[in-house]
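A structural walkthrough
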Amino acid sequence: MKRQALTTTLIAYAFLAPALVLMGLFTFYPVIYGAYLGFTDYTIADLAAKEPPRWVGLANFARVLGDPLFQTGVWNSLKYLLVVPVLQIASLAVAVLVNQKLPLMGLFRTSYYVPVVTSIALAAVMWDWIFQKDGFLNWSLRLLHLINWEGRFSWLLNEHTALWAIMLVTFWRGFGYYMVLYLAGLQSIPAELEEAATLDGAGAWQRFWRITVPLMKPTILLCSLLSTIAAIRVLEEIIVFTGGSGGPLNSTYTALLYVYNKSWGNMLDANFGVAGAAGLLIALVGFALSYLNFYLTREERGGRS
Amino acid sequence: MVKKLLTAGVLGLGLLGLGSLAQQRTVEIEFWTYYLSPNFDNYIKGVIADFEKANPTVKVKWVDKQDTMERDLTAAIALGKAPDVVNLWQDSTFAAAQNGLLTPLTELTTQAALENAYYPNVLSIFTVDGKPYGFPWYGWVDQGVMMYNPELLARAGVDPSSIKTTDDLLAASEKIKKATGAYGWLPPVKDPNGASFLGRFFLEGLSIYDAQGKANFNSAAHVALLQKYIDLMKADVIPQELLRKEAFQLTNELYSQGKVAIMIGGPQSLNRVKESNPELYKKTKVVAAPLGAAKVQTGGAMALVIPKASTKKREAALFASFMTSRANQVKFANVVPIVSTARGSENDPNLRPKDPNDPIEVAKGMVSGSGRFINPGFKPPKNTDDIFKNFNDNIEAAFLGKKSAKQALDDAVAFWNANAK
């Protein structure tokens, strides 16, 4: 029996090995090296001169933490996290709705997924038009008498609305993706459980809270983790809608945009040490938030089976 | 023809020791361009074929890079597989040279040979700390020509021949907006990759640096100029969207829709109009562009540079000089309306318009030979990214009313002088 268990383990690891090797090379090594660079002074000029990184301890961290632009970026990234609960609740709710055997449900499911496969460039053109001063959003608000003609403004050029406007695009792009994940989770719940609860007299709301939500916890954890990480890593939308400036008045400048600008933004002026330190700080925040996600969706231990 | 041969001869002699290449084994050099494929495949491949025919011991492997150019270049250098000839624009050339990534061309040819082949003003764009780092390739002038929608100007009662200066242009823009609802002209105020508003100072004859090289663009005259544009944006004579999009991009979008009356720039601005609104394209008129008080053009150029890490520098220099020769630049100008940076192009008969009724041809005829007027206005400081970001943030704050024009310029100058290395 022991021998068989050993064989099974070896076979499992043999299957895992290629993926682990590739992850080691292309994920873990860059992450570890990037973190190491955060403790060094290493610029593009050093790279050109084939000079090795010089250990400077925590100097880059002090520089990054003292940089008002990074502080603004972190604050905006934290604000960006507000999209996570809204996105998760909305996509779970719609997943429950489209998990019905009703006519045209296939069409609805597909429609919600279209934004996921729409390129950011195309989405940018559309949303750009929506957010303009003479765009669709102001037109709709005027129609509803919520603003007057003089009250129109460009949503992407107002420091109070630009970040929210971009968050709306993130919501629009992510909604279908999480909905499909939730839909898959919902369809894995045995129908008998729902039927038994119905026979016992449980209403739709009770079935949702007592059966659906507890059984969906692993999916909820996965989706909220993915969504949290995506919110911290938001970059494409910011670059596309602000030309990479993080404007207006840095109101959309996120922490990752800081890292990008210090490393990839203008490669020929890159400072890998500063970018590495900022990247490591963001990764630590990401770890903390991931832990929080695990903590909030943890399984109760020692409860009733 | 004799002049052309002489120029080619001088440059050829200047490329030290290159004559002996014919006796060597065949070598392959890698040539990177920036956003030129697939539109210009025929032209680039044609020049490469001509070069290989003239230099049978050198083969050229062409790779077109797009938005990943700079990171690919850095990665290639780090991996020890640097390309041999790379097409960079002026600010990237400057940053790469300052950071020690490029070969000074005087290690491969002579200053005299370069000066004989290219306009000195363009060569100076690629000169960093007294050393030339880029063979000037195709260029552009920002003012170039004025292209306009005659119907919009007529409706506003604006006579295009009366627009001789930037002030005339702004006055016309006010009239056009009032009478038609369309914008007149969209000036670059905050482009993401540069410090556009410094160009406005330069065009109006205001300084950027003092004699000691310190930024000094915060005098009363600078403040007044910035305030003038802020007021125009407040009055919606120029759109607020200019704070978010490049003027070139926004003008291109709106001109075709009849929402902008005037485009200032190179003939390439008309390419999109020709595709999206052929009727408007046919109606478009082209005249000389108005200039600022300084009566100068701004503009820029692309360079062909040779990375320090290249292992075939001499062959690379031979190819780069061939690619950027007058004959080949003039051929290129006939494919797409670039401005040749090769000395003597202003007299080249091949740059005269072929169809006097076609707006692009007319504009090409007026602009292609104006390489001697290309002037970026100022040299970027080291630490460009941080400094330009701060400058643009201040300009934006002034336009959005968060700072006074004076405060914004004072803050930008203070940051510039504290952080420029």
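Keep in mind it's a predicted model, so treat the numbers as computed, not measured.

**Some details on the overall build of chain B**
- Scanning chain B from terminus to terminus reveals 18 helices and 10 strands.
- For chain B, whose C-alpha radius of gyration is 22 Å, the value lies close to the compact-globule estimate of 22 Å for 421 residues.
- Taken over 421 residues, chain B has a buried fraction of 57%.
- Long-range pairs, those at least 24 residues apart, make up 76% of the contacts in chain B between residues at least 6 apart in sequence.
- Of the roughly 17100 Å² that chain B leaves accessible, carbon and sulfur atoms contribute 53%.
- Computed over 48 positive and 42 negative side-chain charges, the separation of the two mean positions in chain B equals 2 Å.

**Description of the environment of Leu123(B)**
Residues and elements named next belong to chain B.
- Structurally, the position occupied by Leu123 is in helix H6 (residues 120-125).
- Residue Leu123 is classed as buried on the basis of its relative accessible area of 3%.
- Distance from Leu123 to Leu243, taken between C-alpha atoms, is 32 Å for residues 120 residues apart in sequence.
- Contact partners of Leu123, with chain neighbours within four places excluded, come to Gln111, Leu114, Glu115, Tyr118, Gly134 and Pro136.

**What to know about the sheet that holds strand S8 (residues 262-265) of chain B**
Residues and elements named next belong to chain B.
- Spatially, S8-S7-S9 is the arrangement adopted by the 3 strands of the open sheet, whose pairing is antiparallel. Single-partner strands in this sheet number two, and they are S8 and strand S9 (285-288). Each strand axis lies, on average, 25 degrees off the axis of its neighbour in the sheet, ignoring direction.
- With 4 bridges joining them, strand S7 (residues 145-148) and S9 adopt antiparallel strand pairing.

**Describing the pattern of salt bridges**
All names here are of chain B.
- Evaluation of the coordinates by the stated rule reveals 25 salt bridges over all chains.
- The closest approach of N and O atoms between Asp410 and Lys406, which form a salt bridge, is 2.9 Å. In this pair, Asp410 and Lys406 both sit in helix H18 (residues 405-419), 4 residues apart, roughly one turn of the helix.
- Relative accessible area serves as the criterion here: at 44%, Lys406 is assigned to the partly exposed category.

**Examining the nonpolar core**
Residues and elements named next belong to chain B.
- Formed by 103 residues in total, the largest nonpolar core has its most connected members in Phe217, Ile262 and Phe399.
- The biggest single contributor to this core is helix H10 (residues 220-234), with 7 residues.
- Residues in contact with Ile262, not counting those within four places in the same chain, are Met146, Met147, Tyr148, Leu153, Ile163, Leu169, Ile176, Gly184, Trp185, Thr251 and Tyr255.

**Let's talk about helix H9 (residues 196-203) of chain B**
Residues and elements named next belong to chain B.
- The buried fraction of H9 amounts to 8 of the 8 residues, a majority that puts the element mostly inside the structure.
- Within the sequence span of H9, burial applies to Ser196, Phe197, Leu198, Gly199, Arg200, Phe201, Phe202 and Leu203.
- Next to the buried residues of H9 lie helix H8 (166-180), H10, helix H17 (384-399) and H18.

**A look at the packing of helix H10 (residues 191-199) of chain A against helix H11 (residues 204-232) of chain A**
Residue and element names in this part refer to chain A.
- Running from amino to carboxyl end, H10 crosses H11 at an angle of 160 degrees, the nearest separation of the two axes being 11 Å. With respect to H11, the axis of H10 lies roughly antiparallel. In the packing of H10 onto H11, the handedness of the crossing is right-handed. Here Leu193, Glu194, Ala197 and Thr198 of H10 come into contact with H11, specifically with Arg207, Ile211, Thr212 and Leu215.
- Looking at the contact of H10 with H11, its residues break down into 4 nonpolar, 2 polar and 2 charged.

**Here's the deal with the interface of chain B and chain A**
- Taken together, the contact pairs 30 residues of chain B with 29 residues of chain A.
- Each partner contributes to the roughly 2500 Å² buried at the junction of chain B and chain A, and carbon and sulfur atoms together form 54% of this total.
- Broken down residue by residue, the surface that chain B buries against chain A is led by Arg71(B), Asn99(B) and Arg244(B), which jointly contribute 24%.
- In this structure, the connection of chain B to chain A is made through 4 salt bridges.
- Between Asp128(A) and Arg244(B) there is a salt bridge, with the nearest N and O atoms lying 2.5 Å from each other.
- Inspection of the region where chain B meets chain A yields 10 residue pairs in polar contact (both at pLDDT 80 or more).
- Within the residue set of the side of chain B that touches chain A, elements represented by two or more residues are helix H3 (69-78), helix H4 (90-98) and H17 of chain B.
- By residue number, the principal contributor to the side of chain B that touches chain A is H17(B), which donates 7 residues.

**Describing the packing of aromatic side chains**
- Under the defined criterion, the tally for this structure stands at 39 aromatic pairs over all chains.
- Between Trp205(A) and Phe208(A) the ring centres are 6.0 Å apart and the planes differ by 25 degrees, which places this aromatic pair in the stacked class. Here the residue Trp205(A) and the residue Phe208(A) both occupy positions in helix H11, the gap between them amounting to 3 residues, near one helical turn.
- Here a set of aromatic residues connected by ring pairs shows up, and it is made of Phe197(B), Phe201(B), Tyr209(B), Phe217(B), Tyr229(B), Phe378(B), Phe388(B), Phe391(B), Phe399(B) and Trp416(B).
- Its guanidinium or amino end placed over the ring of Trp32(B), Lys65(B) lies 4.6 Å from that ring's centre, counting from NZ or CZ.
- Stacked on the ring of Tyr183(B), the Lys or Arg Lys177(B) has its end atom at 5.0 Å from the ring centre.

**A word on the layout of surface pockets**
- Of the volumes computed, that of the second largest pocket is approximately 1600 Å³.
- Lining the second largest pocket we find 39 residues, and of these Pro30(A), Val31(A), Tyr33(A), Gly34(A) and Trp264(A) sit closest to its centre.
- Within the residue set of the lining of the second largest pocket, elements represented by two or more residues are helix H1 (2-37), H11, helix H13 (255-265) and helix H14 (272-296) of chain A together with H3 of chain B.
- In terms of residues, the lining of the second largest pocket owes the most to one element, H14(A), which gives 10 residues.
- Here the lining of the second largest pocket is built from residues that sort into 27 nonpolar, 8 polar and 4 charged.

**A short note on the confidence of the model for chain B**
- Residues at a pLDDT of 70 or more form 94% of chain B, whose mean pLDDT is 91.
- We note a pTM of 0.85 for the whole complex and an ipTM of 0.82 for its interfaces.

**Notes on the sheet that holds strand S2 (residues 58-65) of chain B**
Residues and elements named next belong to chain B.
- Spatially, S2-S1-S3-S10-S6 is the arrangement adopted by the 5 strands of the open sheet, whose pairing is mixed. Of all strands in the sheet, those with a lone pairing partner are S2 and strand S6 (135-141), marking the two edges. Recorded for the sheet is a direction-independent mean angle of 20 degrees between the axes of neighbouring strands.
- The sheet contact formed by strand S3 (residues 85-89) and strand S10 (residues 299-305) spans 4 bridges and is antiparallel. Looking at the pairing, Leu88 lines up with Ala303 of S10.
- Running at roughly 160 degrees to S2, helix H2 (residues 41-54) makes contact with strand S1 (27-34), S2 and S6 of the sheet.
- In the packing of H3 onto the sheet, the strands contacted are S1, S2 and S3, and the crossing angle to S1 comes to about 150 degrees.

**Observations concerning the environment of Leu22(A)**
- Note on placement: Leu22(A) falls in helix H1.
- Since its relative accessible area comes to 49%, Leu22(A) is described here as partly exposed.

**Things to note about helix H4 (residues 68-80) of chain A**
Residue and element names in this part refer to chain A.
- Counted at 1.5 Å a residue, the expected span for H4 with its 13 residues is 18 Å, and the 18 Å between its end C-alpha atoms agrees.
- Taken as a whole, H4 has its buried residues at Phe70, Gly73, Asn76, Ser77 and Tyr80. Along H4, the residues classed as buried sweep out an arc of 125 degrees about the axis, all on the same side. Exposed residues lying more than 90 degrees from the buried face of H4 are Pro68 and Trp75.
- Where H4 starts, the residue carrying a side-chain oxygen 2.9 Å from the main-chain nitrogen of Leu69 turns out to be Asp67.

What counts, and where the lines are drawn
Residues numbered from 1 in each chain as written. Chains lettered and ligands numbered in written order. Predicted model: local features only at pLDDT ≥ 70, side-chain atom pairs only at ≥ 80, totals over all residues. Heavy atoms only, no water. Helix = DSSP H or I, 4+ residues; strand = E, 2+ residues; numbered from the N terminus. Rg over C-alpha atoms; globule rule 2.2 N^0.38 Å. Buried < 20%, exposed > 50% of the residue type's maximum accessible area, 1.4 Å probe, protein only. Contact = heavy atoms within 4.5 Å. Areas by Shrake-Rupley, 256 points an atom, 1.4 Å probe, with all protein chains shown as cover. Lys, Arg positive; Asp, Glu negative; His and termini not counted. Charge placed at Lys NZ, Arg CZ, Asp CG, Glu CD. Pairing = 2+ DSSP bridges. Axes fitted to C-alpha atoms, helices over the stretch in contact; angles between N-to-C directions. Salt bridge = Lys/Arg side-chain N within 4 Å of Asp/Glu carboxyl O. Core = buried A, V, L, I, M, F, W, Y, C linked by side-chain atoms within 4.5 Å. Parallel < 35°, antiparallel > 145°, perpendicular 65-115°, else oblique. Left-handed = near helix turned anticlockwise from the far one by under 90°. Nonpolar A, V, L, I, M, F, W, Y, C, P; charged D, E, K, R; others polar. Buried area = accessible area lost by both parts, 1.4 Å probe. Polar contact = N/O pair within 3.5 Å; in protein donor to acceptor, adjacent residues only side chain to side chain. Phe/Tyr/Trp six-rings, centres within 6.5 Å; stacked < 30°, edge-to-face > 60°. Lys NZ or Arg CZ within 6 Å of the ring centre and 35° of its normal. 1 Å grid on protein atoms, 1.4 Å probe; cavity = no way out; pocket = protein on both sides within 12 Å on 5 of 7 lines; lining within 4 Å. Points joined across faces, edges and corners; volume = space filled by probe spheres on them. pLDDT = per-residue confidence, 0-100. Expected span 1.5 Å × (residues − 1). Arc of directions from axis to C-beta.

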